[in-house]
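# Examining the three-dimensional arrangement
So the chains spell out like this:
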Amino acid sequence: MKLTTLLCCAALIAFGVGACIFALTGFDILAALTFGNAYAYRALLSFAGVAALWLLFWLICFRPTKPLR
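What comes next concerns the included structure. (Residues numbered from 1 in each chain as written. Predicted model: local features only at pLDDT ≥ 70, side-chain atom pairs only at ≥ 80, totals over all residues. Heavy atoms only, no water.)

Turning to a nonpolar patch on the surface, a few remarks are in order. Side chains of Ile13, Val17, Ile21 and Phe27 sit close together on the surface and give an oily, nonpolar patch of about 370 Å² of accessible area. The residue Phe27 is located in the loop between α1 (2–25) and α2 (29–33) in this model. (Patch = residues over 30% accessible without salt bridge, like charges linked within 9 Å, V, L, I, M, F, W, Y side chains within 5 Å. Areas by Shrake-Rupley, 256 points an atom, 1.4 Å probe, with all protein chains shown as cover. Salt bridge = Lys/Arg side-chain N within 4 Å of Asp/Glu carboxyl O. Helix = DSSP H or I, 4+ residues; strand = E, 2+ residues; numbered from the N terminus.)

Despite not being glycine, Phe35 shows a phi value in the positive range, around 55°. As for its placement among the helices and strands, Phe35 is situated in the loop between α2 and α3 (38–62). For Phe35, a relative accessible area of 75% puts it in the exposed group. (Buried < 20%, exposed > 50% of the residue type's maximum accessible area, 1.4 Å probe, protein only.)

Counted under the stated rule, the structure contains one aromatic pair. With a centroid separation of 5.3 Å and 45° between ring planes, the pair formed by Trp54 and Phe57 is classed as tilted. Taken together, the residues Trp54 and Phe57, both in helix α3 and three residues apart, mark about one turn of the helix. The exposure class assigned to Trp54 is partly exposed, which follows from its relative accessible area of 22%. (Phe/Tyr/Trp six-rings, centres within 6.5 Å; stacked < 30°, edge-to-face > 60°.)

Written out as structure tokens, the structure is:
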């Protein structure tokens with residue numbers, strides 16, 4: 001479970017960096033990685049959605065910030 005959480009965090013950080021590069025330069029790294037294939041592009045975007053949902057589940061169930069109170 002810890003490995004899954006770390007992979008989801010890494011994936012969302014990578015998607016965030018890609019979105020930042022796209023916003024600043026106009027170059028879409030995700031489209032370049034998928035060679036313009038719409039199905040692969042959507043599959044990677046859906047992976048980002050699943051990673052975000054997994055992290056939301058993890059934050060709700062395990063409450064990693066509870067000891068900070």
